[in-house]
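Each chain is listed here by its residues.
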Amino acid sequence: MEKNKFVVRFLCLLAMMAVLCCQGRTAEAADTKIAVIDMKEVLSASTAGKRAQGLIEQKMKSLQASFKNDENALLKLKEDMEKKGSAWSDSVKREKATEFQQKRKDLAEKQESANEELKKLREQNVNPILKKLEDIVSQVASEGGYSVVLPKNVVLFSSDSIDVTSKVVAELNKVMK
């Protein structure tokens, strides 16, 4: 019986401490200003982001054009194998199948290399923008009295009044002309 009273008193003490701690945290939370930023919008609306995206798209189009001949050759070989395959000897069928597999492998390697090239190009053009954005977001946050700036895509709901995307885009355009 004495042990039960002790447990009950201990639990009551813990509950009171939790309530007191929460009241202090509530006061702190009321002083915390939070902002959100849409990073995709910043990169697509800013001058520097548009320039980087243009370079990447231009390179992507040139790489796709270089693949076109290889893809056409591969399709033609496949059509030939389907149409003329019944008339070919087994050795010719094996040669054509091997040739087809090799061409497909070469194309896949070429595409993988192109993807790596695009990734490097993206890093070269977007990383400097992101580096500048860190300073700009810090500046906008301190000027607006924000304690926290979160990416908009991780927030379930936010009011438009706490969205600092347009301010950040304007500052980025000033800094990276």
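Residues numbered from 1 in each chain as written. Predicted model: local features only at pLDDT ≥ 70, side-chain atom pairs only at ≥ 80, totals over all residues. Heavy atoms only, no water.

### Some details on helix H5 (residues 165–175)
One turn of the α-helix equals 3.6 residues, which is why residues spaced by three or four share an orientation. Those residues of H5 that fall on the buried side of the exposure criterion are Thr165, Val168, Val169, Glu171 and Leu172. Burial along H5 is one-sided: seen end-on, the buried residues are contained in an arc of 165°. Residues of H5 that are exposed and point over 90 degrees away from its buried face: Ser166 and Lys174. (Buried < 20%, exposed > 50% of the residue type's maximum accessible area, 1.4 Å probe, protein only. Helix = DSSP H or I, 4+ residues; strand = E, 2+ residues; numbered from the N terminus. Arc of directions from axis to C-beta.)

### A short note on helix H4 (residues 90–144)
Taking 1.5 Å as the rise per residue, H4 with 55 residues should run 81 Å; its terminal C-alpha atoms sit 76 Å apart, in good agreement. Roughly 35° is the biggest bend found in H4, and it falls at Val126, with proline Pro128 one to four residues downstream. Looking one or two residues past H4, Gly145 carries a phi angle of roughly 75°, positive in sign. (Expected span 1.5 Å × (residues − 1). Bend = angle between axes of the 7 residues up to and from the residue.)

### Observations regarding the packing of aromatic side chains
Inspection of the entire model under this criterion finds 0 aromatic pairs. When the ring centre of Tyr146 is taken as reference, the NZ or CZ atom of Lys33 above it lies at 4.7 Å. (Phe/Tyr/Trp six-rings, centres within 6.5 Å; stacked < 30°, edge-to-face > 60°. Lys NZ or Arg CZ within 6 Å of the ring centre and 35° of its normal.)

### Quick notes on the packing of H4 against H5
Interhelical geometry of H4 versus H5 gives an angle of 125° and a closest axis separation of 10 Å. As summarised for this structure, H4 and H5 are arranged oblique, according to the angle between their axes. As H4 runs across H5, the sense of the crossing is right-handed. Judged by residue contacts, Ile129, Lys132, Leu133, Ile136, Val137, Gln139 and Val140 of H4 engage Lys167, Val168, Glu171, Leu172 and Val175 from H5. A class-by-class count of the residues in the contact of H4 with H5 yields 8 nonpolar, 1 polar and 3 charged. (Axes fitted to C-alpha atoms, helices over the stretch in contact; angles between N-to-C directions. Parallel < 35°, antiparallel > 145°, perpendicular 65-115°, else oblique. Left-handed = near helix turned anticlockwise from the far one by under 90°. Contact = heavy atoms within 4.5 Å. Nonpolar A, V, L, I, M, F, W, Y, C, P; charged D, E, K, R; others polar.)

### Things to note about the nonpolar core
Ranked by size, the top nonpolar core spans 28 residues in total, and within it Ile37, Val42, Ile129, Leu133, Val164, Val168 and Leu172 carry the most contacts. Elements represented by at least two residues in this core include exactly strand S1 (34–37), helix H3 (47–84), H4 and H5. At 12 residues, the largest contribution of residues to this core is made by H4. Residues within four places of Val168 in sequence aside, it is in contact with Ile37, Val42, Leu133, Ile136, Val137 and Val140. (Core = buried A, V, L, I, M, F, W, Y, C linked by side-chain atoms within 4.5 Å.)

### Considering the packing of H3 against H4
Two numbers describe a pair of packed helices, the interaxial angle and the distance between the axes. At a minimum axis separation of 10 Å, H3 and H4 run at an interaxial angle of 180°. If you check the angle between H3 and H4, you find them roughly antiparallel. Of the residues that constitute the contact of H3 with H4, the class distribution is 19 nonpolar, 4 polar and 11 charged.

### A few points about the confidence of the model for the protein chain
Across the protein chain, the average pLDDT comes to 85, with 83% of residues at 70 or higher. Here helix H1 (residues 2–31) is the element of the protein chain with the lowest mean pLDDT, 49, and H5 is the one with the highest, 95. Low pLDDT (under 50) marks residues 11–20, which in the prediction has 0 contacts with non-local residues, meaning those over four places away or in another chain. (pLDDT = per-residue confidence, 0-100.)

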